[in-house]
Amino acid sequence: MLILMPTGVSFANVSWANVRIVAVTRAAVRAVVEHADAGPHAAFVDVPAQRTRITVTSELGANDLAPPLLGTSGTLLVRLARAGADAGLRELRATAVVTAVSYRMNGNTAERIVEFEAVSADGAADPLTLTPLD
Amino acid sequence: MSSFKGRNLFGSGPHRVRLGALGESVVANYIIGLPGSGSTPQGPLELDITVEGRLVAGSASALGALVAAIESELASPPEPGTFIDNAGRVFEQVSFIRFEPAGPTDRARSCSIPFTATFRRFNP
């Protein structure tokens with residue numbers, strides 16, 4: 001999932017300004033790949049352990065002296081709408097833990113990249129929910 | 001598709017069948033009180049057939065039913081029957097002696113559990 005120019009982002013009840021990109025990546029931590037006697041190809045594949053990572057990229061206009069601390073847990077809220085409109089407003093919500101903070105230069109612009117690991121409420125529910133707001 | 005006594009116990013998921021060692025059972029002489037450092041043949045090895053695979057079901061309860069069906073075939077003392085492997089090879093007079101989960105139940109798109117099942121053809 002990729003969200004460009006979200007209309008609003010907050011984490012742990014603090015609003016984040018100038019967020020440009022929110023990217024959600026999912027990957028298998030453990031994949032089950034089973035073969036049968038009949039031939040060389042996998043006959044059963046499932047993903048019983050997976051992780052969901054969220055990367056929030058913000059444009060910085062000033063020094064960033066108080067970035068989120070690693071290990072901080074909170075609710076990440078991302079609001080998104082159709083380009084240039086308030087219609088189709090939706091909210092992405094996740095309980096997430098900060099796992100990395102880094103910076104890079106993009107031309108003359110400084111960017112802050114915060115990486116999160118999303119946490120499921122019970123291990124079975126998807127850690128992300130996408131809810132329409134209108 | 002493998003079967004034991006005509007029942008398809010492991011067909012819910014992929015599984016592989018492996019034959020154990022063939023040949024002679026040999027025991028070191030000092031174990032049976034014979035002199036010297038050699039060994040003495042005791043007769044043919046009992047054939048072990050191992051099935052390794054994964055039981056797959058749509059729910060935890062359905063997976064439990066698959067395990068229960070397998071458990072019901074584990075008699076004590078064992079009751080020999082015919083085992084047919086995935087290639088259609090027939091093994092007469094083999095006994096189902098052990099079923100062991102090889103890991104925890106995986107809950108994802110399916111509920112599944114890896115297993116090892118052992119059959120043995122006891123020598124008369």
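Reading the values: the criteria
Each chain has its residues counted from 1, running along the sequence as written. Throughout, the order in which chains and ligands are written sets their labels, letters from A for the former and numbers from 1 for the latter. Local features in this predicted model are restricted to residues whose pLDDT is 70 or higher, and side-chain atom pairs enter the listing and the counts only when it is 80 or higher, whereas totals over whole chains, interfaces and linings include all residues. The secondary structure listing takes helices from DSSP runs of H or I that are at least 4 residues long and strands from runs of E that are at least 2 residues long, numbered from the N terminus. Only the C-alpha atoms count toward the radius of gyration. The rule for a globule is 2.2 Å times the residue count to the power 0.38. Field definition: a residue is buried when 20 or more other C-beta atoms are found within 10 Å of its C-beta, exposed when 12 or fewer are, and partly exposed for counts in between, with C-beta atoms placed from the backbone. Distance between backbone-placed C-beta atoms decides contact: two residues are in contact if it is within 7 Å. When DSSP finds two or more bridges between two strands, those strands count as paired. In this usage, the nonpolar core is the set of buried Ala, Val, Leu, Ile, Met, Phe, Trp, Tyr and Cys residues whose C-beta atoms join them within 7 Å. Per-residue confidence from the predictor is reported as pLDDT, a score between 0 and 100.

### Quick word on the overall build of chain B
1) Next: In terms of helices and strands, chain B carries one helix and nine strands.
2) Next: Secondary structure of chain B in N-to-C order comes out as β-β-β-β-β-α-β-β-β-β.
3) Next: A compact globule built from 124 residues should have a C-alpha radius of gyration of about 14 Å, whereas chain B, at 18 Å, is more than 25% larger.
4) Next: Across its three principal axes, chain B shows a C-alpha extent of roughly 60 × 30 × 25 Å.
5) Next: A burial count over chain B gives 24% of its 124 residues as buried.
6) Next: A separation threshold of at least 6 residues defines the contact pool for chain B, and within that pool the share at least 24 residues apart is 57%.

### As for the overall build of chain A
1) Next: Counting its secondary structure elements, chain A contains zero helices and nine strands.
2) Next: When the helices and strands of chain A are placed in sequence order, the string is β-β-β-β-β-β-β-β-β.
3) Next: In summary, chain A has a C-alpha radius of gyration of 18 Å against a globular reference of 14 Å for 134 residues, an excess of more than 25%.
4) Next: With the C-alpha coordinates aligned to their principal axes, the bounding extent of chain A is approximately 60 × 35 × 30 Å.
5) Next: Relative to its 134 residues, chain A shows a buried fraction of 15%.
6) Next: Put simply, 55% of the contacts in chain A that link residues at least 6 apart link residues at least 24 apart.

### A closer look at the pairing of strand E9 (residues 111-121) of chain B
Residues and elements named next belong to chain B.
1) Next: In terms of strand pairing, strand E5 (residues 47-57) meets E9 through 11 bridges, oriented antiparallel. Bridge pairing in E9 links aspartate 48 to arginine 120.
2) Next: Both strand E7 (residues 90-101) and E9 contribute to a ladder of six bridges, which runs antiparallel. When the bridges of E9 are listed, phenylalanine 96 appears paired with phenylalanine 119.
3) Next: Taken together, the two bridges between strand E8 (residues 106-107) and E9 define a ladder with antiparallel strand orientation. Looking across to E9, one finds that arginine 107 is bridged to cysteine 111.
4) Next: The loop that links E8 with its antiparallel partner E9 comprises three residues.

### A short note on the pairing of strand E5 (residues 42-60) of chain A
Residue and element names in this part refer to chain A.
1) Next: As defined by bridge partners, strand E4 (residues 19-35) adjoins E5 across 14 bridges and the pair is classed as antiparallel. Residue pairing in the sheet places histidine 35 in a bridge with alanine 42 of E5.
2) Next: Linking two consecutive strands that pair antiparallel, namely E4 and E5, is a turn of six residues.
3) Next: Here eight bridges tie E5 to strand E8 (residues 109-119), and the two strands are oriented antiparallel to one another. Bridge pairing in E8 places isoleucine 54 opposite phenylalanine 116.

### A few points about the interface of chain A and chain B
1) Next: With 11 residues of chain A in contact, the opposing surface of chain B contributes 16 residues.
2) Next: The set of elements that each furnish at least two residues to the side of chain A that touches chain B consists of E4 and E5 of chain A.
3) Next: The element best represented in the side of chain A that touches chain B is E5 of chain A, accounting for five residues.

### Observations concerning the nonpolar core
1) Next: Core analysis: the biggest nonpolar cluster contains 18 residues, and Ile49, Leu55, Leu63, Phe83 and Phe119 of chain B have the highest contact counts within it.
2) Next: Within the residue set of this core, elements represented by two or more residues are E5, helix H1 (60-71), E7 and E9 of chain B.
3) Next: With residues up to four places along the chain from it excluded, the contact list for leucine 63 of chain B reads Leu55, Ala57, Thr105, Cys111 and Ile113 of chain B.
4) Next: Ranked by size, the runner-up nonpolar core spans 16 residues in total, among them Val78, Leu80, Ala94 and Val114 of chain A.

### Quick word on the confidence of the model for chain B
Should pLDDT be low for a region, the predicted coordinates there are not to be read in detail.
1) Next: Put simply, chain B has an average pLDDT of 96, and 100% of its residues get 70 or more.
2) Next: With a pTM of 0.85, the predicted complex shows an ipTM of 0.85.

### Quick word on unusual backbone geometry
1) Next: A cis amide bond, omega 0°, links serine 76 of chain B with the succeeding residue proline 77 of chain B.
2) Next: If you check the backbone angles, methionine 5 of chain A has positive phi at about 50° while not being a glycine.
3) Next: In the Ramachandran plot, asparagine 13 of chain A falls in the positive-phi region, its phi being about 70° despite a non-glycine side chain.
4) Next: By secondary structure assignment, the location of asparagine 13 of chain A is in the loop between strand E2 (8-11) and strand E3 (14-16).
5) Next: We classify asparagine 13 of chain A as exposed; it has 8 C-beta atoms within 10 Å.

### Digging into the environment of glutamate 91 of chain A
Residue and element names in this part refer to chain A.
1) Next: Its place among the elements puts glutamate 91 in strand E7 (residues 90-106).
2) Next: Between the alpha carbons of glutamate 91 and threonine 131 there is a distance of 5.2 Å; along the sequence they are 40 residues apart.
3) Next: Not counting chain neighbours up to four residues away, the residues in contact with glutamate 91 comprise Leu77, Arg79, Thr131 and Leu133.

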